[in-house]
Amino acid sequence: MECKHTYASIPDLIAKKRDGQELDPDEIKQFIRGLSNGDVQDCHVGAMLMAIFIRGMSENEICSMTMSMRDSGERLHWPQYRGSVVDKHSTGGIGDKISIPLAPALAACGLKVPMMAGRGLGITGGTLDKLESMPGYQTQLSDEQISNVINTVGCGIFSQSLKLNPADRYLYAIRDVTATVPHNALIVSSILSKKSIEDLDALVLDVKYGSSAFMKTIEQAENLAQWLHKVSEMLGMRTCCYITEMNNPIGFCIGNAIEIEESLDLMKYKENHSKDLEELVCEQGGRLLLLTNKVETIEQGREMLRQTFRNGSALKKFHEMIIAQGVSKTIADQLVESTETNDILKLSNIQHRAIALESGFIESIDSFKLGTIVQRLGGGRLKSTDKIDFSVGIRLLKHIGDKVQANEPWAILYAKDDASTRFPKFLEEFNSALRISSTPVQPLQRIYKVLS
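Residues numbered from 1 in each chain as written. Predicted model: local features only at pLDDT ≥ 70, side-chain atom pairs only at ≥ 80, totals over all residues. Heavy atoms only, no water.

(A) Region of the structure containing the overall build of the protein. Secondary structure summary: the protein contains 19 helices and 13 strands in total. In summary, the protein has a C-alpha radius of gyration of 22 Å against a globular reference of 22 Å for 452 residues, a match within 12%. Seen through its C-alpha atoms, the protein measures out along the principal axes to roughly 80 × 45 × 40 Å. The buried share among the 452 residues of the protein stands at 58%. Residue pairs in contact within the protein that sit at least 24 positions apart in sequence constitute 78% of those at least 6 positions apart. Counting every atom, the protein has about 18,900 Å² of accessible surface; 50% of that belongs to carbon and sulfur. Mean positive and mean negative side-chain charge positions of the protein (51 and 57 charges, respectively) differ by 1 Å. (Helix = DSSP H or I, 4+ residues; strand = E, 2+ residues; numbered from the N terminus. Rg over C-alpha atoms; globule rule 2.2 N^0.38 Å. Buried < 20%, exposed > 50% of the residue type's maximum accessible area, 1.4 Å probe, protein only. Contact = heavy atoms within 4.5 Å. Areas by Shrake-Rupley, 256 points an atom, 1.4 Å probe, with all protein chains shown as cover. Lys, Arg positive; Asp, Glu negative; His and termini not counted. Charge placed at Lys NZ, Arg CZ, Asp CG, Glu CD.)

(B) Highlighting helix 2 (residues 25–37). Look at helix 2: 18 Å from first C-alpha to last across 13 residues, which is about the 18 Å you get at 1.5 Å a residue. For helix 2, the set of buried residues is Glu27, Ile28, Gln30, Phe31, Ile32, Gly34 and Leu35. Buried positions along helix 2 lie against helix 1 (10–18), helix 3 (42–55), helix 4 (59–70) and helix 8 (166–177). Measuring from the side-chain oxygen of the N-cap residue of helix 2 to the backbone nitrogen of Asp26 gives 3.0 Å; that N-cap residue is Asp24. Residue Gly38 follows helix 2 closely and has a positive phi angle near 95°. (Expected span 1.5 Å × (residues − 1). Polar contact = N/O pair within 3.5 Å; in protein donor to acceptor, adjacent residues only side chain to side chain.)

(C) Broad picture of the sheet that holds strand 4 (residues 202–209). Pairing within the open sheet is mixed, and its four strands lie in the order 1-4-5-13. Edge strands, defined here as strands with exactly one partner in the open sheet, are strand 1 (86–90) and strand 13 (447–451). Averaged over all pairs of adjacent strands, the angle between strand axes in this sheet comes to 15°, irrespective of strand direction. Bridging between strand 1 and strand 4 involves five bridges; their strand directions are parallel. Looking at the pairing, Asp87 lines up with Leu203 of strand 4. Against the sheet, helix 12 (residues 275–291) touches strand 1, strand 4, strand 5 (238–245) and strand 13, its axis set at about 145° to strand 4. (Pairing = 2+ DSSP bridges. Axes fitted to C-alpha atoms, helices over the stretch in contact; angles between N-to-C directions.)

(D) Up close: the pairing of strand 4. Within strand 4, eight of the eight residues are buried, which leaves the element mostly enclosed by the surrounding structure. On strand 4, burial covers both faces: Ala202, Val204, Asp206 and Lys208 on one face and Leu203, Leu205, Val207 and Tyr209 on the other are all buried. The sheet contact formed by strand 4 and strand 5 spans eight bridges and is parallel. By the bridge assignment for strand 5, Val204 is matched with Cys240. Assessed by its sense of winding, the connection that carries the chain from strand 4 through helix 10 (residues 218–234) to strand 5 is right-handed. (Right-handed = clockwise from strand over helix to strand, strands pointing away.)

(E) Structural view of the environment of Leu444. As for its position among the elements, Leu444 is in the loop between strand 12 (434–437) and strand 13. What makes Leu444 partly exposed here is its relative accessible area of 26%. Between the C-alpha atoms of Leu444 and Lys194, which are 250 residues apart in sequence, the distance is 32 Å. The residues contacting Leu444, other than those within four sequence positions of it, are Glu245, Asn248 and Ile400.

(F) Summary view of the sheet that holds strand 8 (residues 360–365). Strand order in the open sheet made by the three strands is 10-8-12, with antiparallel pairing throughout. Whereas interior strands pair on both sides, the edge strands pair on one side only; in this sheet they are strand 10 (403–404) and strand 12. The pairing of strand 8 with strand 12 spans four bridges and is classified as antiparallel. Among the inter-strand pairings, Ile362 is bridged to a residue of strand 12, identified as Ile436.

(G) Just the pairing of strand 9 (residues 393–396), in detail. Residues of strand 9 alternate between two faces, with Gly393 and Arg395 on one and Ile394 and Leu396 on the opposite face, all of them buried. With three bridges connecting them, strand 6 (residues 253–255) and strand 9 associate as antiparallel partners. Paired with Cys253 across the two strands is Arg395, which belongs to strand 9. In this structure, strand 9 lies alongside strand 11 (residues 409–414), joined through four bridges in antiparallel fashion. Within the sheet, the bridge partner assigned to Arg395 lies in strand 11 and is Ile412.

(H) Geometry of the pattern of salt bridges. The full count for this structure, using the stated rule, is 36 salt bridges. The shortest N-O distance in the salt bridge between Arg287 and Glu283 comes to 3.6 Å. With Arg287 and Glu283 both in helix 12, this residue pair falls four residues apart, about one helical turn. This pair shows no difference in class: Arg287 is buried, exactly as Glu283 is. Glu303 serves as the salt-bridge partner of Arg310, at 2.7 Å between the closest nitrogen and oxygen. (Salt bridge = Lys/Arg side-chain N within 4 Å of Asp/Glu carboxyl O.)

(I) View of helix 5 (residues 99–108). Among the ten residues of helix 5, nine are classified as buried, and the element is accordingly described as predominantly covered. Within the sequence span of helix 5, burial applies to Ser99, Ile100, Pro101, Leu102, Ala103, Pro104, Ala105, Leu106 and Ala107. Backbone geometry just after helix 5 places Gly110 at a positive phi near 95°.

The following block contains the structure:
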């Protein structure tokens, strides 16, 4: 029988892409397979990434690369839950803790949520780091443990295991040192290869733009969102992409333990919970209910999500999830039942207050400055080996549109007692992150556009 495909050498494949030609699916599969069998060396990867960065990739190439990366390791399968398996992914933001209350709320609505999350990248916080501020929470689960938590609880938030998508870990490490991270084809294949491992029926993607987002402009975010939407649909996942603002922090809290506290406030439906966070969670969760045909309109979906917070069913699922992932029942009980969680979450007891320099209305809060402060004081990583200080965080006392008086505190920084002597300039930055208008300011509109 005549062979359908003649395998070229790896340098030939690199040359083909370098010259602007399209790689066929078998060639892409050959290259990705070569990452694990030794045919492809680091120098080959760097050269191919740079060729892709300069020449770009077609929709078919991106789809083929995504599937080849997805298939480079093991995959999750949920045939018994067909039509109900969902997830969401964000490109990262300051104060973005949406996944933490969203996963249990969706489970309370009857959906299955095998959420593979990530760690902090630069100044943007990581969902896994936040969850690990709860003593005992395990993010590294075996396939058997993942199946167990989804079967028994309905949701789990865990890390990518060594058996899942090894090609992505390898490629990302090389991208990081070859200046090829910010390219749509490579971003899309990385995100969607991880999500397609989860065997999803529906996916919500939150692409952020702004000073503290990966995409700085609306145009960049919209272009990435369009690619993500196209390729995810080609992969068979019903998908909706949100383009959202990330110049200002989400909610009132920035950090790790402090964002768990804020997430619990929403799930307990406390009177002072963040309406900003609630609206984003209900919008994205409502969309997933709509995509899986559990509701007929997005309005019904939003209300169904909101009801899980009002009636305590999302909090109950969160309680079950964290116990299933290693938190002791005693600690889990305290987190969900107590009105005071600081004995467990342990925010720093040293506080620095930011003071408004004039009276007026809050026009903006610089999320880049605040995210940088939290990162530099230990709440984020400067290098991958850094240990996270869960006690560091910022609590906003005001938000966009609120009135503030001169000399009134508008935020609190929780940090170590020597922060003021070690990092005096950060305290200056802290005070300068507020922008005040003399005239009333409309509340912040997060969502710029929806691609569905």
